[in-house]
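Residue strings, one per chain:
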Protein chains: 2
Amino acid sequence: MDRPLDQTDWRILTELQRDGRLSFSRLAGLVNLSSPAVAERVRRLEESGVITGYRAQVDPARAGQPLTAFVQMRCALGRCLLKTTAAEDLPEVTEVHKLSGSWCSMLKVRVASMAHLEGLLERLGEHGEMNSHIVLSTAYEGRAVVPPAPGERTVTASEGWTR
Amino acid sequence: MDRPLDQTDWRILTELQRDGRLSFSRLAGLVNLSSPAVAERVRRLEESGVITGYRAQVDPARAGQPLTAFVQMRCALGRCLLKTTAAEDLPEVTEVHKLSGSWCSMLKVRVASMAHLEGLLERLGEHGEMNSHIVLSTAYEGRAVVPPAPGERTVTASEGWTR
DNA sequence: AGTGAAAGGGATCTGGG
DNA sequence: CCCAGATCCCTTTCACT
C-alpha cells in the first residue's frame, strides 16, 4: 500500500521538520527537484499520514509554563485516565502514554508554578497511585525523525514491528 | 522586557500551532486584524523566542520507528549522559531531561523494533543504572500550549517561577 | 515520476491616514 | 493599527520526456 520512503522523501522530511514554512519552490531547490515534483511528493506524504501537520513550535517557558514534570500513574479500577475524558480536560497534561510494566500510564505535564503542579497532582491523585518527577532542565526535545541507518531493515507501521 | 502576551497574541499562537503554514492574510482574517498588524505581531513573537520555529509533524510509526519507550537513568559518576555528547550521537533518543529525585534523567526513545530497543538499552546501560518503560499506545502527544486560565497569575520565564 | 514554461492568483510590503 | 496599491513570488496546470 504505502511504498517505503526513498532518499528524496527523507530529504524533504528533514527540511520540512527544520522549517515547516518552506515554500515548494525553495524546497525544490534544496532537494534538486522541480516544484511540481516536490509538491506531488509532499501531497503524498501528507495523504499517507507520514506528515500529520505543520505546527508553530511554542516555547512553554516563554508562554507562562516554565515548569515541566513527568507523572507515572497506576490507576484505580474504573478510574483509568485513558478510559475517561479526565485528561482531555486538563490542558496542563500535554502527553498521555499507556505503558507496559507496573505503571499503567506516563504523563508529561506543563504548569505555571509549583503551586499549580501541587494542585494538578491532587486532582490526578483521585485516579490512582502516582509517581512524579520534576524536570530540572531539558537538554533537547522534539528531535526530528531521521531516516534509518544504512543497511538497517525498514519496518513500516502497516507491517507491524515484530521480528 | 518582553511584554506579557495579550489575548490577540494567544489567538495567533493557537492558530499557528494548529496550522503552522497559515499565511498572514488568512491568519489576519481568523483573528480580525489586518495582514501587516499580524505580520508585525508574529515577527515579535519569533524574535522574543515565544515561537521557536515551524516544523512539519512526522508520524514516527509511519516513518519506520513504531516503538516508543521512556528510559530513566541513574548515571554513574563522570558518565552522565548530559555531560557527554553520547546522547547527541544517538538519534533514537528524541528527548533528554534532567530530573530531580532519585533518577537523574529521563529519556524518550523511538526505535524501529524490539531488537533495536534491546541494542540501544545495552549502549545506554554503559552510562549507569536504567529503568525502562515501553509505550503500548499514545493517547496524545504534543498538545498545543494554551493561554493561562482566566484569573491565573501569569509568570514569564524571565521572572522565574518561584512563588 | 519528473521537467519546463506560462498563467493566474495571492501574499507581502510600503507609504499614507 | 488600518487601508490601498504595487510588486514579487509562489502555486498550479499542461504538454512532453
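Residues numbered from 1 in each chain as written. Chains lettered and ligands numbered in written order. Predicted model: local features only at pLDDT ≥ 70, side-chain atom pairs only at ≥ 80, totals over all residues. Heavy atoms only, no water.

K.L.:
Quick rundown of the overall build of chain A? Include the residues and the values.
P.N.:
When helices and strands are counted, chain A shows four helices and five strands. Seen in sequence order, chain A has helices and strands lined up from the N terminus as α-α-α-β-β-β-β-α-β. Classification of the 163 residues of chain A by burial places 42% in the buried group. Approximately 8,400 Å² of chain A is accessible, and the part contributed by carbon and sulfur atoms is 51%. (Helix = DSSP H or I, 4+ residues; strand = E, 2+ residues; numbered from the N terminus. Buried < 20%, exposed > 50% of the residue type's maximum accessible area, 1.4 Å probe, protein only. Areas by Shrake-Rupley, 256 points an atom, 1.4 Å probe, with all protein chains shown as cover.)

K.L.:
Help me get a handle on the protein's contact with DNA strand C, residues and values and all.
P.N.:
The immediate surroundings of DNA strand C are formed by Arg 3, Leu 33, Ser 34, Pro 36, Ala 37, Arg 41 and Arg 44 of chain A together with Ser 23, Phe 24, Ser 25, Arg 26 and Pro 36 of chain B. Backbone sugar and phosphate groups make up 82% of those atoms of DNA strand C lying within 4 Å of the protein. One of the side-chain nitrogen or oxygen atoms of Arg 3 of chain A is found 3.0 Å away from a phosphate oxygen of DNA strand C. Separating a phosphate oxygen of DNA strand C from a side-chain N or O atom of Arg 41 of chain A is a distance of 2.5 Å. (Near = heavy atom within 4 Å. Polar contact = N/O pair within 3.5 Å; in protein donor to acceptor, adjacent residues only side chain to side chain.)

K.L.:
Can you tell me about the side chain of Ser 105 of chain B, naming the residues and giving the values?
P.N.:
All names here are of chain B. Its location among the elements puts Ser 105 in strand β4 (residues 105-111). With relative accessibility at 1%, the residue Ser 105 sits in the buried group. The residues touching Ser 105, leaving out its near neighbours within four places in the chain, are Val 71, Gln 72, Met 73, Cys 75, His 97, Lys 98 and Leu 99. (Contact = heavy atoms within 4.5 Å.)

K.L.:
Could you give me a rundown of the protein's contact with DNA strand D, with the residues and numbers involved?
P.N.:
Around DNA strand D lies a shell formed by Ser 23, Phe 24, Ser 25 and Pro 36 of chain A together with Leu 33, Ser 34, Pro 36, Ala 37 and Arg 41 of chain B. Among the atoms of DNA strand D close to the protein, meaning within 4 Å, 89% are from sugar or phosphate groups. Here Phe 24 of chain A contributes a backbone N or O atom positioned 3.0 Å from a phosphate oxygen of DNA strand D. Here Ser 25 of chain A contributes a side-chain N or O atom positioned 3.1 Å from a phosphate oxygen of DNA strand D. Of all elements in the fold, only α2 (24-31) of chain A together with α3 (35-47) of chain B reach the threshold of two or more residues within the surface near DNA strand D. For the surface near DNA strand D, the per-class residue count stands at five nonpolar, three polar and one charged. (Nonpolar A, V, L, I, M, F, W, Y, C, P; charged D, E, K, R; others polar.)

K.L.:
Can you break down the state of the cysteines residue by residue, with the values?
P.N.:
All names here are of chain A. Scanning the entire structure with this criterion turns up zero disulfides over all chains. Here Cys 104 stays free of any disulfide, with the sulfur of Cys 75 as its closest cysteine sulfur at 3.5 Å. What makes Cys 104 partly exposed here is its relative accessible area of 24%. (Disulfide = S-S within 2.5 Å.)

K.L.:
So what's going on with the relation of the copies chain B and chain A? Residues and values would help.
P.N.:
When chain B is brought onto chain A, the operation consists of a screw motion whose angular component is 180° and whose axial shift is 0.0 Å, with 0.1 Å RMSD remaining. Accordingly, the operation relating the two chain copies is best matched by a two-fold axis. The fraction of interface residues of chain B whose copies in chain A are also interface residues reaches 100%, indicating that both copies meet through the same surface. (Least-squares fit on C-alpha atoms with pLDDT ≥ 70 in both.)

K.L.:
Quick rundown of the UniProt feature "domain: HTH asnC-type" (unreviewed entry) in chain A? Include the residues and the values.
P.N.:
Here, the residues flagged by UniProt with the feature "domain: HTH asnC-type" (unreviewed entry) are residues 5-66 of chain A. Across residues 5-66 of chain A one finds 53% helix and 13% strand; the C-alpha atoms that close the span lie 37 Å apart. (UniProt positions renumbered as here; feature names shortened; annotations may be inferred.)

K.L.:
Mind laying out the interface of chain B and chain A, listing which residues take part and the relevant values?
P.N.:
One frequently used descriptor of interface size is the decrease in accessible area upon assembly of the parts. On the chain A side, the residues contacting the 74 residues of chain B number 74 residues. Buried area between chain B and chain A, summed over both chains or domains, comes out near 7,000 Å², and the portion from carbon and sulfur atoms is 56%. For the interface between chain B and chain A, the tally reads two salt bridges. The closest approach of N and O atoms between Glu 95 of chain A and Lys 108 of chain B, which form a salt bridge, is 3.0 Å. Summed over the shared surface of chain B and chain A, the result is 42 residue pairs in polar contact (both at pLDDT 80 or more). Among the elements of the structure, α1 (7-18), β1 (51-58), β2 (67-75), β3 (93-99), β4, α4 (114-125) and β5 (128-140) of chain B are those that each provide at least two residues to the side of chain B that touches chain A. Its residues assigned to classes, the side of chain B that touches chain A shows 39 nonpolar, 21 polar and 14 charged. Relative to β1 of chain B, strand β1 (residues 51-58) of chain A is paired through seven bridges, and the arrangement is antiparallel. Along β1 of chain B, the bridge assignment pairs Gln 57 of chain A with Gly 53 of chain B. (Buried area = accessible area lost by both parts, 1.4 Å probe. Salt bridge = Lys/Arg side-chain N within 4 Å of Asp/Glu carboxyl O. Pairing = 2+ DSSP bridges.)

K.L.:
Would you mind going over the pattern of salt bridges in detail, with residue names and values included?
P.N.:
Residue and element names in this part refer to chain A. Evaluated as defined, the whole model comprises 26 salt bridges over all chains. As a salt-bridge pair, Arg 44 and Glu 40 come within 3.0 Å of each other at their nearest N and O atoms. You can see Arg 44 and its partner Glu 40 sitting in helix α3 (residues 35-47), four residues apart, about one turn around the helix. The exposure class of Arg 44 is partly exposed, given its relative accessible area of 42%. The salt bridge partner of Arg 123 is Glu 92, with a shortest N-O separation of 3.6 Å. Here the residue Arg 123 occupies a position in helix α4 (residues 114-125), and Glu 92 occupies one in the loop between β2 (67-75) and β3 (93-99), the gap between them amounting to 31 residues. Judged by relative accessible area, Arg 123 falls into the partly exposed class, the value being 39%.

K.L.:
Tell me about the sheet that holds strand β4 (residues 105-111) of chain A, residues and numbers included.
P.N.:
Spatially, the eight strands close up into a barrel ordered β2(A)-β4(A)-β3(A)-β5(B)-β2(B)-β4(B)-β3(B)-β5(A), and their pairing is antiparallel. Averaged over all pairs of adjacent strands, the angle between their axes in this sheet comes to 35°, without regard to strand direction. With four bridges connecting them, β3 of chain A and β5 of chain B associate as antiparallel partners. The residue of β5 of chain B that forms the bridge with His 97 of chain A is Thr 138 of chain B. Sheet strands touched by α4 of chain A: β2, β4 and β5 (128-140) of chain A. Its angle to β5 of chain A, the strand with the most contacts, is close to 145°. (Axes fitted to C-alpha atoms, helices over the stretch in contact; angles between N-to-C directions.)

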